[in-house]
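# Descriptive structure summary
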Amino acid sequence: MVNKNQPSLACFLNSLARESQSVQLLHNQDGEHSYQLPLSHSRSIHIPLSYYSTLGSHEYRLPAQLLTEQGTEELTPEQLIEHIVNEPALVGVVSEEQKSIFAKRVLESHHNTQQAIDHSPYQQQLFNNQLDFKTAEQGLLIGHSFHPAPKSREQFSLSDAKRYSPELGGKFKLFWLAITQEIVTTGSSASIDFTKRLEALVAHDPILVDALHNALQQGKTLLPVHPWQWHVMADNPSIKAYIATKQIENLGQIGATWYPTSSTRSLYAPNLPYMLKFSLSVKLTNSIRNLSLKEVVRGTRLNELFQLPELAEQLGEREGFQLMQEPAFIGINDLSDEIIDESLVAFRDNPLMYNPAQEAVVLATLTQQNPYGGSSLVAQRIQHYAEQQDITPRDAATRWFDAYCRHAVVPLFNLQANWGIVFLAHQQNIVMQLEQGFPVGMYYRDCQGTGYTDLAFGLFGDKLGDDKQALENYWNQDKVRRYFAYYLVINSTFNVISAICANLDVEEMELIQVLHRNLQTLLDSGVKDDLCLRYVLSSDALCCKGNFFCYLQNFNENSIPDPAVIYFDLVNPLAKVEELTHA
Ligand SMILES: Nc1ncnc2c1ncn2[C@@H]1O[C@H](COP(=O)(O)OP(=O)(O)OP(=O)(O)O)[C@@H](O)[C@H]1O
Ligand SMILES: [Mg+2]
């Protein structure tokens, strides 16, 4: 099948179209849509669309055409990017240096994606089969669907990328350090000692069991290290000093084989009780991926809170809405007793430990555009469900999406609106649990993305501390609206809708109505904090993150003083449903 849509360029073009008024999406008399971008000197870029999405997730018929007074010429991806970046009316006031860094990273990302498409160990299987957790994690070939450079990872060399990138089938063993207890900081929740958790993690390997035993006898412990990160850590002056004094001894690469998951820095080993999330000093999308102490504490705090029976009851057991808790962490203190961010590692519960073969698929892999030509995985799974149930693909799509809303959207909103606990549930933080392709539950992961609102303080003030302003992940209503609604509704749910509708005979607005109905039912049930639900259901616009311009300015998202500057207003299709029903 000839595929003229190159998904990595689609991510770039779609993020630009969402954020720039200059892009026009035209509809001609034959019902065809096209992407038009006026340039200076009476030139314009023109690309026919093979799928027009009301939610912005278009598919293209490349190559792009440059229309000039002299005629038309086809543009290579390099030329397309160059023309866009060099158009002042489009990119605004940015320095030459910013432009060249941006163009370089966009192209690097494009080549990395192409390489993943060509060399993924899984290839077409990613789009027509049931996938287990590991395959789905390593099957995210395209990355963030509204980002100009989703797969840029400039700190990795080519051989690093082969070894450490999920989409190239990376797998490796960890370094293990024997390290003096006095120079580590650990955290562990739910009345389980950190060492107990470490023992459970190393129990699979006799060499590690021995190493831990010996270390404990000498007042030491073990600390796992991502092998790429070791090069960064070994350059740290404090760590150099500890090696010299033998307070740190590197035992080498031992134990289980680990697989990078879709975020690259979190690793998975089937059958072990924990996954491990590391600091990885590589810029992936908008930030250098270092953990901080406050971030890992969010995990232990959340796990502690969910020991309360009323919260534990909100979670399903083996099915339904589940959390991958991050109950413990460890890191190294420097010579001044400050934690070294680059050394931090969080332990994440592995709910797939006893059933690694279950169909557990990160949403971003389910929805990614198919670079081999053909449907997205979600559309394939729905088609399969339709055949099994002997119903039309359209009915299957509506049922599938309704089940997604029940297992993912509604439980996440319930925690926000009835308990004041907020999760940044974007497409890469949601893992759908499927049975024969149909949603039966979900796992939320990534405790760095949690926040607590006034409601949570009212309910659990004793556990969260009385001074809410002192809690770094206290969120006011503005923050809830901006982040929670953007990640769950725009980033995750709108992409699910487009990925279904681009490939099956169902309109995006029909699924928007299903989403609306699910949210309205939750609202009608009488929630404790209805502000965000009402905002999502009826505000004319939703706050949307602007990845294109954020990346162009070369911001590190984690360190800009006011991240609100990278958000803009996007028309809210859910508000149109209200208008329709009230008309
Ligand atoms: N739709 C998406 N939205 C956000 N990030 C995405 C998306 N698709 C892919 N990604 C990728 O997933 C990662 C998301 O970063 P995030 O901070 O959520 O994860 P993490 O904290 O690094 O790891 P983990 O999810 O394992 O906890 C980035 O590397 C980003 O490029
Ligand atoms: Mg994540």
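As a starting point, this report considers the structure included with it. Keep in mind that this is a model prediction, so the values were computed, not measured.

With an omega dihedral of 10°, the bond running from Leu62 to Pro63 counts as a cis peptide bond. Considering the arrangement of structural elements, one finds Pro63 in the loop between strand S4 (59-60) and strand S5 (64-68). The backbone of Ala190 sits at a positive phi, close to 60°, despite the residue not being glycine. The residue Ala190 is located in the loop between strand S8 (184-188) and helix H8 (194-202) in this model. Although it is not a glycine, Asp337 adopts a positive phi angle of roughly 70°. Structurally, the position occupied by Asp337 is in the loop between strand S16 (328-332) and strand S17 (345-349).

Pairing is antiparallel across the open sheet formed by eight strands, whose spatial order is S8-S16-S17-S12-S11-S10-S7-S9. The sheet is open, and its two borders are formed by S8 and strand S9 (220-225), each paired with just one other strand. Across the sheet, the mean angle separating the axes of adjacent strands is 30° when strand polarity is ignored. In this structure, strand S7 (residues 172-180) lies alongside S9, joined through six bridges in antiparallel fashion. From the neighbouring strand, Phe175 faces S9, where its bridge partner is Val225. Across the face of the sheet, helix H12 (residues 293-305) comes into contact with S8, S16 and S17 while running at roughly 160° to S16.

When the charged atoms of two side chains lie near each other, side chains of opposite charge can form a pair. The full count for this structure, using the stated rule, is 19 salt bridges. Between Glu154 and Arg105 there is a salt bridge, with the nearest N and O atoms lying 2.7 Å from each other. Of this pair, Glu154 sits in the loop between helix H6 (133-138) and helix H7 (158-164) while Arg105 sits in helix H4 (residues 96-119), placing them 49 residues apart in sequence. Glu154 gets classed as partly exposed once you look at its relative accessible area, which sits at 29%. Glu472 serves as the salt-bridge partner of Arg298, at 2.7 Å between the closest nitrogen and oxygen. Separated by 174 residues along the polypeptide, Arg298 in helix H12 and Glu472 in the loop between helix H17 (454-464) and helix H18 (477-501) bring together distant segments of the chain. Accessibility expressed as a relative area gives 11% for Arg298, which makes it buried. The class of Glu472 is partly exposed, set by a relative accessible area of 30%.

Cut-offs applied
Every chain is numbered on its own, with residues counted from 1 as its sequence reads. By the order in which they are written, chains take letters starting at A while ligands take numbers starting at 1. Note on the predicted model: pLDDT of at least 70 is required for a residue's local features to be given, and 80 or more for side-chain atom pairs to be given and counted; whole-chain, interface and lining totals, by contrast, use all residues. Where side-chain values are given, they derive from all heavy atoms of the structure, hydrogens and water being excluded. The secondary structure listing takes helices from DSSP runs of H or I that are at least 4 residues long and strands from runs of E that are at least 2 residues long, numbered from the N terminus. Any two strands are treated as partners once DSSP identifies two or more bridges connecting them. Between N-to-C directions, angles cover 0 to 180 degrees, with each direction set by a line fitted to C-alpha atoms, over the stretch in contact for helices. We call two residues in contact when some of their heavy atoms are within 4.5 Å. In the sections that follow, a salt bridge refers to a side-chain nitrogen of Lys or Arg positioned within 4 Å of a carboxyl oxygen of Asp or Glu. A 1.4 Å probe rolled over the protein chains alone gives each residue an accessible area, and that area as a share of the maximum for its type sets the label: buried under 20%, exposed over 50%, partly exposed in between.

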